[in-house]
Amino acid sequence: MTHAPTPVATPVATGSTGTIPVADWFDPHEAMHNPYPQFARLRELGPVVYAPAVGRTFITTHAAVSEAEQRPEVFSSQSETNLTMVRALGGRPMLRKDDPAHAAERSAINPTLRPRAVTQVWSPRFAENVERWIDHLLELGPEHADLNRDFAAPVASQNLIDMLGFPDSVSVEDMRRWSTSYIAGIGNLLDDPAIWARSDASQVEVNVVLDELIPRLEREPNSSITSHLLQVGLPEDAVRANAHLTISGGMNEPQHMITNLVWALSTHPEQRATVLAGEAPWGDVFEEAARWQSPIGMVPREVNVDTEFHGALLPAGTNVGLLLASANRDATAFPDADRFDVRRTARGHLAFGSGVHMCAGRWAAKNAIADHALPRLYERIPTLELAPDRTPTWDGWVFRGLTALPVTW
Ligand code: HEM
């Protein structure tokens, strides 16, 4: 059963009182356009703030989010109320389980996503995919190109098709459609039936692929994520749920990171010059962009047991939102945190989470983007810039990125 925390009518500072400040002004619709001003106001109220508009208690600061991530026995992922992900994916993946059940599934995919496997197995594939889609961009020409539609989405999709071991019959358009419909389903807090219809349709399509793939991989195992899920003997419903999970996050977020980076560099020409002169490593630029415009703004947890946390009393059943994107703009952790600065190393940012659920694909994403997509894009199209006559579109605060990034050269 879920208990709402006991909010107070007027915002008060947290402290020994155990009361929780209320952000009755928090507006999720406004946050879709740009969440950062509201995140700053939330942090001013305190590390623990109740937002009635979303019925959730936000954890807002870097210290508090980090601590919550390190205490999964209190801040549980095995929720019976945060069920949109389970509904969207047609099963409960590792991300909605606690240890030891989570660890059994997570340890299955770790070997093929660690740095050594990324370098040996996936990096050459990522390199090929990037060249192919830069060719496509150049063929389209500087009048009509949209970096999201014509480069970031297909590159991220093809990389994931390869990592999952999906057959050539799966197109980048299929993967993009599946990933975006799952992400919309995971965020479908208002229960919109049209959104469920799209994620249900994707589940059916992905399951058709898995019906053929699973018996083949059982006979002939390989390096793919799907094969690794099978090799440890997980039940088939867990294999499928985690394949669907990987589709949801493994395409959408790398896609957003590619466009975020190009947008950040294009809107900061002096920093772009620093990077293109080789004075800031692409790896650091990637981490800083992930901190500054985090593709995942909030991750849900449910409080397992009555807890006092940073001066607030959180009853068991409280629905919590760990605001990763707010924590990444906390000036106590990152001086001048609102400033994009390629010369900082952004060590300790939380864009990939931390603790037991820390992103399994972070090394793959970094290799694909910081070693291949971005350097090659600027090597082959050195004059790449935002198209002055067409407008970029940002969207979202739980999942946030550019849905259109018109470019020219
Ligand atoms: C820049 C790109 C990416 C970002 C920003 C990102 C972000 C995240 C975050 C924040 C989490 C933790 C969520 C939570 O604690 O509730 C996570 C988990 C996860 N990510 Fe990523 N991700 C990215 C790319 C990828 C890729 C490429 C893959 C797969 C190839 C992937 C697979 C996963 C998986 C399987 C989990 C669940 C881990 C677990 O529950 O133990 N991610 N990701």
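Residues numbered from 1 in each chain as written. Predicted model: local features only at pLDDT ≥ 70, side-chain atom pairs only at ≥ 80, totals over all residues. Heavy atoms only, no water.

1. A closer look at the packing of aromatic side chains
(1) Moving on: A complete count under the given rule lists 11 aromatic pairs for this structure.
(2) Moving on: Plain terms: the ring middles of Trp282 and Tyr378 are 6.0 Å apart, the flat faces sit at 20 degrees to each other, and that makes the pair stacked. With Trp282 in helix α13 (residues 282–292) and Tyr378 in helix α15 (residues 362–380), the pair connects residues that are 96 residues apart, well separated along the chain.
(3) Moving on: On the basis of relative accessibility, which here comes to 17%, the residue Trp282 falls in the buried class.
(4) Moving on: Grouping aromatic residues by their ring pairs yields a cluster made of Trp263, Trp292, Phe340 and Trp394.
(5) Moving on: Positioned above the aromatic ring of Trp25, the side-chain terminus of Arg41 is 3.8 Å from the ring centre.
(6) Moving on: Sitting above the plane of the Phe334 ring, Arg291 keeps its charged end 5.3 Å from the centroid. (Phe/Tyr/Trp six-rings, centres within 6.5 Å; stacked < 30°, edge-to-face > 60°. Helix = DSSP H or I, 4+ residues; strand = E, 2+ residues; numbered from the N terminus. Buried < 20%, exposed > 50% of the residue type's maximum accessible area, 1.4 Å probe, protein only. Lys NZ or Arg CZ within 6 Å of the ring centre and 35° of its normal.)

2. Remarks on the coordination of the iron atom of the ligand
(1) Moving on: Looking at the protein side alone, the iron atom of the ligand has one donor only, Cys359 (SG), at 2.3 Å.
(2) Moving on: In this structure, Cys359 sits in the loop between α14 (324–327) and α15. (Donors = N, O, S within 2.8 Å, 3.2 Å for Na, K, Ca; no water.)

3. Examining the site of the ligand
(1) Moving on: Taken together, 27 residues lie near the ligand, and His102, Arg106, Arg301, His357 and Cys359 sit nearest.
(2) Moving on: One of the side-chain nitrogen or oxygen atoms of Arg106 is found 2.8 Å away from an oxygen atom of the ligand.
(3) Moving on: Within the side chain of Arg301, a nitrogen or oxygen atom sits 2.7 Å from an oxygen atom of the ligand.
(4) Moving on: Looking at the shell around the ligand, the elements that each hand over two or more residues are α5 (101–113), α11 (236–266) and β4 (298–303).
(5) Moving on: For the shell around the ligand, the element with the highest residue contribution is α11, accounting for six residues.
(6) Moving on: Considering only residue class, the shell around the ligand consists of 18 nonpolar, six polar and three charged. (Near = heavy atom within 4 Å. Polar contact = N/O pair within 3.5 Å; in protein donor to acceptor, adjacent residues only side chain to side chain. Nonpolar A, V, L, I, M, F, W, Y, C, P; charged D, E, K, R; others polar.)

4. Structural notes on the packing of helix α7 (residues 147–164) against α15
(1) Moving on: The N-to-C vectors of α7 and α15 enclose an angle of 140 degrees; their axes lie 12 Å apart at closest approach. Between α7 and α15, the crossing angle belongs to the class labelled oblique. Remark: the crossing between α7 and α15 carries right-handed chirality. Residues Leu147, Phe151, Asn159 and Met163 of α7 form the contact with α15, whose participating residues are Ala364, Ala368, Ala373 and Leu377. (Axes fitted to C-alpha atoms, helices over the stretch in contact; angles between N-to-C directions. Parallel < 35°, antiparallel > 145°, perpendicular 65-115°, else oblique. Left-handed = near helix turned anticlockwise from the far one by under 90°. Contact = heavy atoms within 4.5 Å.)

5. Comments concerning the pairing of strand β7 (residues 319–323)
(1) Moving on: With respect to burial, β7 is a largely interior element, five of its five residues being buried.
(2) Moving on: Here β7 shows no split at all, with Asn319, Gly321 and Leu323 on one side and Val320 and Leu322 on the other all buried.
(3) Moving on: Sheet analysis places strand β2 (residues 56–59) next to β7, joined by three bridges and oriented parallel. The residue of β7 that forms the bridge with Thr57 is Val320.
(4) Moving on: By the bridge criterion, five bridges tie β4 to β7 in an arrangement that is antiparallel. Looking at the pairing, Val299 lines up with Leu322 of β7. (Pairing = 2+ DSSP bridges.)

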